[in-house]
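Survey of secondary and tertiary structure
Next come the chains, spelled out residue by residue.
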Amino acid sequence: MQDANSFRPRPGFGYVRTLSQREELPLLRDHLLRLDPKSRHDRFHGFLDDGFIERYAERCAGDGTIIIAYMESGIVRGAAELHPPEQSADGLPEIAFSVEQSVRRQGVGSVLFRRLISEARWKGYRRLRVTTGAGNDAMRALASKFGARLEFRHGESTGTIALTPQPQAELSKWIDLTLNVVRAVIAFNRACWRLLWKMSGADRAA
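Below or above, wherever it landed, is the structure these notes cover. (Residues numbered from 1 in each chain as written. Predicted model: local features only at pLDDT ≥ 70, side-chain atom pairs only at ≥ 80, totals over all residues. Heavy atoms only, no water.)

Its 15 residues place the ends of helix H4 (residues 108-122) 21 Å apart at the C-alpha level, agreeing with the 21 Å of an ideal helix rising 1.5 Å per residue. Regarding H4, the residues found buried are Val108, Gly109, Ser110, Leu112, Phe113, Leu116, Ile117 and Ala120. (Helix = DSSP H or I, 4+ residues; strand = E, 2+ residues; numbered from the N terminus. Expected span 1.5 Å × (residues − 1). Buried < 20%, exposed > 50% of the residue type's maximum accessible area, 1.4 Å probe, protein only.)

Okay, here's the thing in structure tokens:
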């Protein structure tokens, strides 16, 4: 097993993809457990023990949270989380990010942020909630880069990101809707032909 502290990324070797629900629990859990103490503190606002992280990953795998992962050799080294609005007190989808120390300062956070915003637009969300520790300068800078207006309260920074509809996202939605309609029409036509075929067969038998 490779030691997380000895891991060295290879430029251009990583890739980003959305995890399936079956993959989320083990891959997200192992990634979060590899975070160094400061990163854990920043990500979870002071919660550091393994048991909390394991329960958190299990909850994400079961509540519909979308995990967009930066991966190298099949291992998650960075993750962007898009939590469903039902999990938030104010009804806004909440987002969260974590990047392992070994792949920082390579633009991983920005890539994950862009992919997450695209996913949020695709789902029709208009605003996102972001919350981070007051000392997490990297996350606050990243959120501000993408238009978040952060306020400091109760020892943490919280704010929202307004999402403007993008023509590409709207086009993709229209294409998907059109394809679904076409599939439904084809299925209906097949059912009609089967019924007519059975009826004609019954008439010949009579």
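Moving on: the packing of aromatic side chains. In total, this model carries three aromatic pairs according to the counting rule given. Look at Phe44 and Phe52: their rings are 5.5 Å apart centre to centre, the planes differ by 80 degrees, and that puts the pair in the edge-to-face class. What makes Phe44 buried here is its relative accessible area of 4%. For Phe52, a relative accessible area of 21% translates into the label partly exposed. On the basis of an interplanar angle of 15 degrees and a centroid distance of 4.5 Å, the ring pair of Phe97 and Phe113 is categorised as stacked. Within this pair, whereas Phe97 is found in strand S4 (residues 94-99), its partner Phe113 is found in helix H4, the two being separated by 16 residues in sequence. In this structure, Phe97 and Phe113 share a single accessibility class: buried. Taken together through their ring pairs, the aromatic side chains of Phe44, Phe52 and Tyr56 make up a single cluster. We note Arg43 situated over the ring of Phe44; from NZ or CZ to the ring centre the distance is 4.6 Å. (Phe/Tyr/Trp six-rings, centres within 6.5 Å; stacked < 30°, edge-to-face > 60°. Lys NZ or Arg CZ within 6 Å of the ring centre and 35° of its normal.)

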